[in-house]
Amino acid sequence: MSSRLPPEPPRVGATLAGLRQARALSLDELSRQAGVSKSMLSQIERNQANPTVAVVWRLANALGVTMAELLSGDKPETPSIVTVPAHSTPAMRSPDGSCELRILGPIELAGQFEWYHLTVQPGGALASEPHEPGSREHLTVLSGSLTVEAGDSRAELAEGETARYAVDQPHAIRNPGDSPALGLLVVLHPA
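Here we summarise the structure given alongside this text.

Quick word on the overall build of the protein chain
Item 1. Counting its secondary structure elements, the protein chain contains 5 helices and 10 strands.
Item 2. Expected size for 191 residues packed as a compact globule is a radius of gyration near 16 Å; at 22 Å, the protein chain overshoots this value by more than 25%.
Item 3. Considered along the principal axes of its C-alpha atoms, the protein chain spans approximately 80 × 30 × 30 Å.
Item 4. A separation threshold of at least 6 residues defines the contact pool for the protein chain, and within that pool the share at least 24 residues apart is 62%.
Item 5. Put simply, the protein chain shows about 11,400 Å² of open surface, and 54% of that area lies on carbon and sulfur atoms.

Overview of the pairing of strand S9 (residues 171-174)
Item 1. Pairing analysis gives 4 bridges linking strand S4 (residues 125-128) to S9, with the strands arranged antiparallel. Bridging from a neighbouring strand, serine 128 pairs with histidine 171 of S9.
Item 2. Note: strand S6 (residues 146-150) against S9, 4 bridges, orientation antiparallel. Along S9, the bridge assignment pairs alanine 150 with histidine 171.

Some remarks on the sheet that holds S4
Item 1. If you trace the 4 strands from one edge of the open sheet to the other, you get S4-S9-S6-S7, paired in antiparallel fashion. The sheet is open, and its two edges are formed by S4 and strand S7 (153-157), each paired on a single side. Sheet twist, expressed as the average angle between the axes of neighbouring strands with direction ignored, equals 10°.
Item 2. As defined by bridge partners, S6 adjoins S7 across 5 bridges and the pair is classed as antiparallel. Note that in S7 the partner of leucine 146 across the bridge is leucine 157.

Concerning the nonpolar core
Item 1. Counting residues in each nonpolar core, the largest one holds 19 residues, and the members touching the most others are Leu118, Leu139, Leu146, Tyr165, Ile173 and Leu185.
Item 2. Every residue in contact with leucine 139, bar those within four places of it in the chain, is listed here: Leu118, Leu146, Val148, Leu157, Glu161, Thr162, Ala163, Tyr165, Ile173, Leu184 and Leu185.
Item 3. Membership of the second largest hydrophobic core comes to 17 residues, among which are Leu25, Leu30, Val56 and Leu63.

Description of the pattern of salt bridges
Item 1. Counting across every chain of the model gives 6 salt bridges.
Item 2. Arginine 20 is the salt-bridge partner of glutamate 45, the closest N and O atoms lying 2.6 Å from each other. A residue pair is termed long-range when its members are at least 10 positions apart, and glutamate 45 in helix H3 (residues 38-45) and arginine 20 in helix H1 (residues 13-22) qualify at 25 residues. Each member of the pair, glutamate 45 as well as arginine 20, is classed as buried.
Item 3. Across the pair glutamate 149 and arginine 154 runs a salt bridge, and its minimum N-O distance is 3.0 Å.
Item 4. When its relative accessible area of 55% is taken as the criterion, arginine 154 is described as exposed.

Focus on the pairing of strand S3 (residues 113-120)
Item 1. A large share of S3 lies buried, amounting to 6 of its 8 residues.
Item 2. Bridge analysis of strand S2 (residues 99-103) against S3 gives 5 bridges, and the strand direction is antiparallel. Note on S3: the bridge partner recorded for isoleucine 103 is tyrosine 116.

Parameters and conventions
- Residues numbered from 1 in each chain as written.
- Predicted model: local features only at pLDDT ≥ 70, side-chain atom pairs only at ≥ 80, totals over all residues.
- Heavy atoms only, no water.
- Helix = DSSP H or I, 4+ residues; strand = E, 2+ residues; numbered from the N terminus.
- Rg over C-alpha atoms; globule rule 2.2 N^0.38 Å.
- Contact = heavy atoms within 4.5 Å.
- Areas by Shrake-Rupley, 256 points an atom, 1.4 Å probe, with all protein chains shown as cover.
- Pairing = 2+ DSSP bridges.
- Axes fitted to C-alpha atoms, helices over the stretch in contact; angles between N-to-C directions.
- Core = buried A, V, L, I, M, F, W, Y, C linked by side-chain atoms within 4.5 Å.
- Buried < 20%, exposed > 50% of the residue type's maximum accessible area, 1.4 Å probe, protein only.
- Salt bridge = Lys/Arg side-chain N within 4 Å of Asp/Glu carboxyl O.

As structure tokens, this is what we get:
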């Protein structure tokens, strides 16, 4: 009897991505822990590259699994609760540094539903071009005060207040106060 090899090597991309996400690791963090380049990790997760035995060994050790688990091609079960450490929450800053958006929503929902913790320094503004037709934002002020502009409309928000507005037009969030303002910003894109 001859044993036949499978037609292609195991695809570990989904398994690797699932294990990395279950441990709340960014590509950068796993790259450092495993000693494997970020670009290689990204290619493996997208099934654009198959790792060598040495790379599988490094990744398995960094993730705390066996090589067989990583090579199985099975997507690991999602845990009931996934926590994301504060240092792993990605953030974006406005070009002038006056606004920071910490990305709270999961990456797989980007483009449908986005959730941010917003910090706007005194006098700062987060101005945006129109999003796709039907898009809306929901802004709740956690501390300080913020002004929302959407098209020709304008609203002043105090702590605890929420504004809901169309963002398929130019829009901006401004801090008219003397201290930093904090808010939660949700962006809903049309289905």
